[in-house]
Amino acid sequence: MHPRIDAPADPRDHRTGVTRRRVLSAAAGVAGAAAVGGIPIPGMSTASPAGATRRPAGDRPNIVVVLADDTGWGAFGAYGQQHVVSPNLDEMAHEGIAFTEAYAGAPICAPSRCSLLTGMHTGHARVRDNNFTVTGDEPTLLPEDTTFAQVLKRAGYATGAFGKWGFGPDDCYVPIGAGVAPGVAVPSEGGGGPVGDLDQNVGHDSHPLQKGFDEFYGLVRHHHATEGYWPSYLWDGNQRVIIEENEGGEAQEVYAPTAYVERCLDFIEDNADSPFVAYVGLQNAHWPNHVPSTEPYSDRIGWTEEMKRYAAQITLIDTYTGMIRDKLVELGLDDNTIVFVSSDNGPTEERAAVGGGDDPRHTTPSVDSAVADIAWDMTGGLRAKKHSMYDGGLRVPMIVWGPGLVRRDGTTVGAVPWQFADVLPTLADFAGAEMPGDVDGVSIKDWITGESDGEVRPLYFERPPYAGLNVDGKQNASNTYVQVVREGKWKMLRYAVGHTDPNAPDEQWDVELFDMAADRGETTNLALLNPDVVARMVATARASHAPQPYAREPWPPAS
């Protein structure tokens, strides 16, 4: 059993037990579990909730954003996946829209999530790379970096964040392999709490409660969320909550993603009578492949244990989203709620180096789950994976569901390219909220509701160099500065040659141009045959980059 964790009633009590009011069972033999193709799906009910009173759709819908981690464009059945099951998401895609050309903010975690939260593409965003993996400095948001939670909170929404945050310090975090017992705090310079009070996080400018969220339950630091499927503590707002059942990393009783989702369900119940936005940041399916159970794949012949764990990670994303959907239906909120489900980037080669293992305190190579990416076609035929600026790293699943709000002819708009920077203005549009005037994204609300069929416009991405993995050959290595423009059927990749200067003359760049309508796998470079297209897109790239620090307009506006 893998139950939720309740915050202590007394804020001075930092230790908590576990209640069993609601349980997600991810173990084998779940009574009454639904089956898809004869495979039991834990946590999915086949019956519709009884007694639900639907609330009519209105001008201020509720909003849920579910963000998976390192989950490829082809991971779900709605995108053609044949080996790993996702019945809830497939049904939601059928009832809503499965966008086929939605792009993350970046092919790596921190800048992608920054773009999602703030509406800025990586030519302007505060966080543009994963350099913290080398420097040790946590990616942080500044006070002027407005999130969609701040925008919606100002419009009267209740706001909650649950799960992986990834921006800002945590004095209590101790990395695996640091030679210190888990849960023993090692204060770091510039941390989030005062010296001597390591159970309190007084509120760094980059933390959720300072970024517009009324409620936060999860993990602050990026690497903590990477390692923390069985964490020894979670943050409840600015209060550290010890999980005794997981101390030492051995008991494995409280699975963090389950705890996040259960807390999100509480938040939805508590705010059912007023508009709310819930942001759920799952670790799944980032390495290591830690799951409570390998169901529904335990009996799969020819699959290694690592492959089963990896597949179970993907299906857990589906199960959690189904739990949220079912709660909305149970409360009669489904006609007035819109749900976005996506991933921060494509699947990762990192699993092959550090991605598996049963022991939650350590990671071991998981070559077979990296092979599974190929065998199961987790990129859906797109080129490359995470870190890469080819579409296997950048293009992500994006399912938008809302029976009372979303058009049913989703294929009409599904193939129009858009990106994470568009999420903030879209949510603001749905909420009727005023937003910063300098965001890069645009609202796609009218595409979703059926009032328009979308429009072609240039999308911009860049990836600064950093000492990471060398993926997909020399041109796409992590030590190369890359700019990308997608406009209609065209996609341009522009690689710096021996420099990192976005204003360098054209002869110091290698350019690739692909016709994405005819060549989804980005195999044939058409740059020499289309110089006018290249010139236009290079001009867009030059205009879209601004050096750090990028000055934002003040928000909220002065009254």
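Keep in mind it's a predicted model, so treat the numbers as computed, not measured.

### Concerning the overall build of the protein
So, step 1. The helix and strand tally for the protein stands at 14 helices and 20 strands.
So, step 2. Out of the 559 residues in the protein, the part that is buried amounts to 62%.
So, step 3. Surface accessibility of the protein: about 19,700 Å² in total, with carbon and sulfur atoms responsible for 51%.

### A few points about helix α6 (residues 256-270)
So, step 1. Here α6 spans 21 Å end to end across 15 residues, near enough to the 21 Å set by a 1.5 Å rise per residue.
So, step 2. The buried fraction of α6 amounts to 13 of the 15 residues, a majority that puts the element mostly inside the structure.

### Comments concerning the sheet that holds strand β19 (residues 490-496)
So, step 1. Reading across the sheet, the 4 strands line up as β17-β18-β19-β20 and stay open at both edges, with antiparallel pairing between neighbours. Both outer strands of the open sheet, β17 (459-463) and β20 (509-515), are each paired with one neighbouring strand and no more. On average, each strand axis in the sheet is inclined to that of its neighbour by 15 degrees, with strand direction left out of account.
So, step 2. Note that strand β18 (residues 482-487) and β19 share 6 bridges and pair antiparallel. Within β19, the position partnered with V485 by the bridge is M492.
So, step 3. Against the sheet, helix α14 (residues 531-544) touches β17, β18, β19 and β20, its axis set at about 60 degrees to β19.

### Observations concerning the packing of helix α1 (residues 87-95) against helix α7 (residues 305-330)
So, step 1. At a minimum axis separation of 7 Å, α1 and α7 run at an interaxial angle of 55 degrees. Comparing their axes, α7 and α1 come out oblique. In contact with P87, N88, L89, E91 and M92 of α1, α7 contributes I317, D318, T319, T321, G322 and R325.
So, step 2. Class assignment for the residues of the contact of α1 with α7 results in 4 nonpolar, 4 polar and 3 charged.

### Re the confidence of the model for the protein
So, step 1. Put simply, the protein has an average pLDDT of 83, and 79% of its residues get 70 or more.
So, step 2. Within the model, the stretch residues 1-57 combines pLDDT values under 50 with 137 contacts to residues more than four positions away or in other chains.
So, step 3. Note that residues 180-197 has pLDDT below 50 and, in this model, 32 contacts with residues that lie over four places away or in other chains.

### A short note on the pattern of salt bridges
When charged atoms on two side chains of opposite charge get close, those side chains can pair.
So, step 1. Tallying each qualifying case throughout the model produces 33 salt bridges.
So, step 2. With a closest N to O distance of 3.4 Å, E91 and R325 form a salt bridge. Placement of the pair is E91 in helix α1 and R325 in helix α7, with a sequence separation of 234 residues.
So, step 3. Given a relative accessible area of 35%, E91 falls into the partly exposed group.

### A few points about the pairing of strand β9 (residues 158-164)
So, step 1. Most of β9 is tucked away: 7 of the 7 residues are buried.
So, step 2. In this structure, β9 lies alongside strand β10 (residues 215-219), joined through 5 bridges in parallel fashion. The residue bridging A161 from the neighbouring strand is F216, located in β10.

### Considerations on the packing of aromatic side chains
So, step 1. Enumeration according to the criterion identifies 18 aromatic pairs in this entry.
So, step 2. Their ring planes at 85 degrees and their centres at 5.8 Å tell us that W165 and F213 sit as a pair that is edge-to-face. Of the two residues, W165 is situated in the loop between β9 and β10 and F213 in the loop between β9 and β10; the sequence distance between them amounts to 48 residues.
So, step 3. Note on F213: relative accessible area 1%, which makes it buried.
So, step 4. Taken together, F148, W165, F167, F213 and Y279 form an aromatic cluster joined through their ring pairs.
So, step 5. In this structure, R383 is placed above the aromatic ring of Y390, and the distance from its NZ or CZ to the ring centre is 3.8 Å.
So, step 6. Seen from the ring of W73, R395 lies directly overhead, with NZ or CZ sitting 5.7 Å from the centre.

About the cut-offs
- Residues numbered from 1 in each chain as written.
- Predicted model: local features only at pLDDT ≥ 70, side-chain atom pairs only at ≥ 80, totals over all residues.
- Heavy atoms only, no water.
- Helix = DSSP H or I, 4+ residues; strand = E, 2+ residues; numbered from the N terminus.
- Buried < 20%, exposed > 50% of the residue type's maximum accessible area, 1.4 Å probe, protein only.
- Areas by Shrake-Rupley, 256 points an atom, 1.4 Å probe, with all protein chains shown as cover.
- Expected span 1.5 Å × (residues − 1).
- Pairing = 2+ DSSP bridges.
- Axes fitted to C-alpha atoms, helices over the stretch in contact; angles between N-to-C directions.
- Contact = heavy atoms within 4.5 Å.
- Parallel < 35°, antiparallel > 145°, perpendicular 65-115°, else oblique.
- Nonpolar A, V, L, I, M, F, W, Y, C, P; charged D, E, K, R; others polar.
- pLDDT = per-residue confidence, 0-100.
- Salt bridge = Lys/Arg side-chain N within 4 Å of Asp/Glu carboxyl O.
- Phe/Tyr/Trp six-rings, centres within 6.5 Å; stacked < 30°, edge-to-face > 60°.
- Lys NZ or Arg CZ within 6 Å of the ring centre and 35° of its normal.

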